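Chain by chain, the residues:
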Amino acid sequence: MSRKRKNTEPIRISGLSIIDIAEEGKGVGKADELVVFVDKVVPGDVVDVRVIKKKKNFAEAVIETLHTPSELRQQPFCIHFGTCGGCKWQHMQYSAQLTYKQKSVESALQRLGKIDTTGIEPILGSAQNQYYRNKLEFTFSNKRWLDSLDIADEAEGRQMNALGFHVPGRFDKILAIEHCYLQADPSNQIRLKVRDYALENQFSFYDLRNHEGELRNLIIRTSSTGEIMVGVVFAYAAQEKIDGLMAYLKASFPNITSLQYIVNHKKNDTIFDQEVITYAGRDHIFEEMPLGNGKTVKYKIGIKSFYQTNSEQAYELYRITKEFADLKGDELVYDLYTGAGTIANFVAHSAKQVVGVEYVPSAIEDAKFNSQLNEIENTIFYAGDMKDILTREFIASHGKPDVVITDPPRAGMHPDVVERLLEMEAEKIVYVSCNAATQARDLAMLNEKYEVTRIKPVDMFPHTQHVENVVLLKLK
């Protein structure tokens, strides 16, 4: 292996062996004492790379030549791989993806939490690793991402409108998606029909820099019950054109359960504070999960609702959470960061009472509705900041929990929440996390009174570096 540099030419490293995967999903190699992070490589590859950023002890590089392909490589299945930022690990065999996800969880828990991981259970892979998402959001833009063939074609009148995903690192450039392997039919057909209708009827696609244009976003949600929700987000469109597109969608896809639209004039794409107009059908769809013994739990999903995006694997995640909690029927359970009460309502049949707390008021309304929908009468839900609600007075009023289930966002739990958990001394805590690093940080603080007794990673997002992890803690 050699490192070459000529005058002001870029640094190139030849014969670099990729030996590992970093936490952010890039490949790792070593050139002398320099750690090199490389995108789109697989452990076992031998590559020539060009350095694009260099610090004292590490560098970031891009692959120029693949000399020896790893045995773990596979042919990417999507034509957009390499440009789209969605499924960055398509070129790695799924079994290898699971291996490195489990390794990343172990590394974070050991390094950041000083946790003994010798008893970690095998990661649960996703039965479906294509078409597994129940929600996608696409963006309209008048600045299509141009590949090398597009750039070479300098023909006048080149089509610059696109409906698809943001190109990584370019907020104003949208990759036009022809076929996406993340969401099952009729997702692709709906997107392409909307695109074609918009072009034929001369809709203006949104300008992300100047905040102009008629069409802004397209949201598609599907459920395991076969229901479909479509939401179109407009910006500056006449009502006549809005009605025309919605009528076209209703006629073209009569199986749409919920057809809605939003008019958003803000400079950002968030819709949580926007009015939603139901054009046809219901303002929601239903999701369903098995509980065993022929019973199910149903969830109402609105266009703004949070719900785990991999429905089948969400069931597995909740099943493992419930198994770790090992409820006998007489327990008081606190469900922190309860969202729309998905876990709370899933475990309620096995507990005496479940108290759910969540920051977003609309999510709590969904949680209450879901309890009523399933005739669950032993849940109570509160909206507000966790560290402000979970006070000594709150615990005195509702009772000391036997089990705490916590499923915080990627940032983990606020230190005040961890302190309250240490004070309340529940017999068991089941900690569900989408970020093993912040989970490890919190586990280190909880180590004062708790010991980790079970660890189970769960893959919710095939072909990405993301991984969920469930940990059972018991009072020492």
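Our subject is the structure that appears above.
As the structure is a prediction and not an experimental result, all values here were calculated from the model.

A. Local environment of the sheet that holds strand β11 (residues 228-234). Strand order in the open sheet formed by 7 strands is β9-β8-β7-β10-β11-β12-β13, with mixed pairing between adjacent strands. Each end of this open sheet is capped by a strand with a single partner; those strands are β9 (170-176) and β13 (277-281). On average, each strand axis in the sheet is tilted by 30° relative to the strand beside it, whichever way the strands run. With 6 bridges connecting them, β11 and strand β12 (residues 258-263) associate as parallel partners. Along β12, the bridge assignment pairs Gly231 with Gln260. Taken strand by strand, helix α3 (residues 187-200) contacts β7 (135-141), β8 (162-167), β10 (215-222) and β11, and its axis lies near 160° from that of β10. Running at roughly 160° to β12, helix α4 (residues 239-252) makes contact with β10, β11, β12 and β13 of the sheet.

B. A look at the sheet that holds strand β19 (residues 403-406). If you walk across this open sheet you meet the 7 strands as β18-β17-β16-β19-β20-β22-β21, and the pairing is mixed. Edge positions in the open sheet fall to β18 (379-383) and β21 (450-458), since each of these has one partner strand only. This sheet shows a mean twist of 15° between the axes of neighbouring strands, independent of strand direction. Pairing geometry for strand β20 (residues 428-433) and strand β22 (residues 468-475), over 6 bridges, is antiparallel. The residue of β22 that forms the bridge with Val432 is Val470. Helix-sheet contacts for helix α5 (residues 311-325) involve β19, β20, β21 and β22, and the interaxial angle to β21 is about 160°. The sheet strands contacting helix α7 (residues 361-373) are β17 (353-358) and β18, and the helix crosses β18 at an angle near 170°.

Rules behind the numbers
- Residues numbered from 1 in each chain as written.
- Predicted model: local features only at pLDDT ≥ 70, side-chain atom pairs only at ≥ 80, totals over all residues.
- Heavy atoms only, no water.
- Pairing = 2+ DSSP bridges.
- Helix = DSSP H or I, 4+ residues; strand = E, 2+ residues; numbered from the N terminus.
- Axes fitted to C-alpha atoms, helices over the stretch in contact; angles between N-to-C directions.
- Contact = heavy atoms within 4.5 Å.

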